[in-house]
Amino acid sequence: MSESTVTVESATAEASSCCGSCGTGAGAAPAAGSALTSAFRVEGMTCGHCVTSVTAELKKLDGVTDVAVDLASGTVTVGSTRPLVDADVAAAVDEAGYDLVGRLDG
């Protein structure tokens, strides 16, 4: 599978997904306007639909401004206006149907 990164702001296709049904694709990392950036490792994501589900749940968290997902590495980078509580991120990822392995940036 080729590497794909998807953001909330940009949903254009760049790489093939496992199911190809949702049409999401590549984009940039969270915008520079985010006060804080946190990175997490998430298991189980394989396609654009997975990215859309995780992104939608994370965007519901208070203070989240952007979400970028790198399918190849399983990295989810979240831009926010305040520090994120790992338990809240884990609950959002779980609600989307995936597993939060942990925070990548301390």
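Everything below is about the structure shown above.
Parameters at a glance
- Residues numbered from 1 in each chain as written.
- Predicted model: local features only at pLDDT ≥ 70, side-chain atom pairs only at ≥ 80, totals over all residues.
- Heavy atoms only, no water.
- Helix = DSSP H or I, 4+ residues; strand = E, 2+ residues; numbered from the N terminus.
- Contact = heavy atoms within 4.5 Å.
- Areas by Shrake-Rupley, 256 points an atom, 1.4 Å probe, with all protein chains shown as cover.
- Expected span 1.5 Å × (residues − 1).
- Buried < 20%, exposed > 50% of the residue type's maximum accessible area, 1.4 Å probe, protein only.
- Axes fitted to C-alpha atoms, helices over the stretch in contact; angles between N-to-C directions.
- Parallel < 35°, antiparallel > 145°, perpendicular 65-115°, else oblique.
- Left-handed = near helix turned anticlockwise from the far one by under 90°.
- Nonpolar A, V, L, I, M, F, W, Y, C, P; charged D, E, K, R; others polar.

Asker: Can you walk me through the overall build of the protein in this structure?
Answerer: A count of helical and extended segments in the protein gives two helices and five strands. Helices (α) and strands (β) of the protein occur, in sequence order from the N terminus, as β-β-α-β-β-α-β. Considering only intrachain contacts with a sequence separation of at least 6, the fraction spanning at least 24 residues in the protein is 61%. When the accessible surface of the protein is totalled, it reaches about 5200 Å², and 50% of it is carbon and sulfur.

Asker: Explain helix α1 (residues 48-59) to me, please; I cannot follow it from the model alone.
Answerer: An α-helical segment advances 3.6 residues per turn. Residues three or four places apart therefore align on the same side. Along its twelve residues, α1 runs 16 Å from first to last C-alpha, staying within 8% of the 16 Å computed at 1.5 Å per residue. Along α1, the positions that sit buried rather than exposed are G48, C50, V51, S53, V54, T55, E57 and L58.

Asker: How should I be thinking about the packing of α1 against helix α2 (residues 86-96) in this particular structure?
Answerer: Packed helix pairs are characterised by how far apart their axes lie and by the angle those axes make with each other. Here α1 crosses α2 at 140°, and the two axes come no closer than 8 Å. With respect to α2, the element α1 is oriented oblique. For α1 against α2, the interelement crossing comes out right-handed. The residues of α2 that touch α1, namely those facing S53, V54, E57 and L58, are V89, A92, V93, E95 and A96. A per-class count over the contact of α1 with α2 returns six nonpolar, one polar and two charged.

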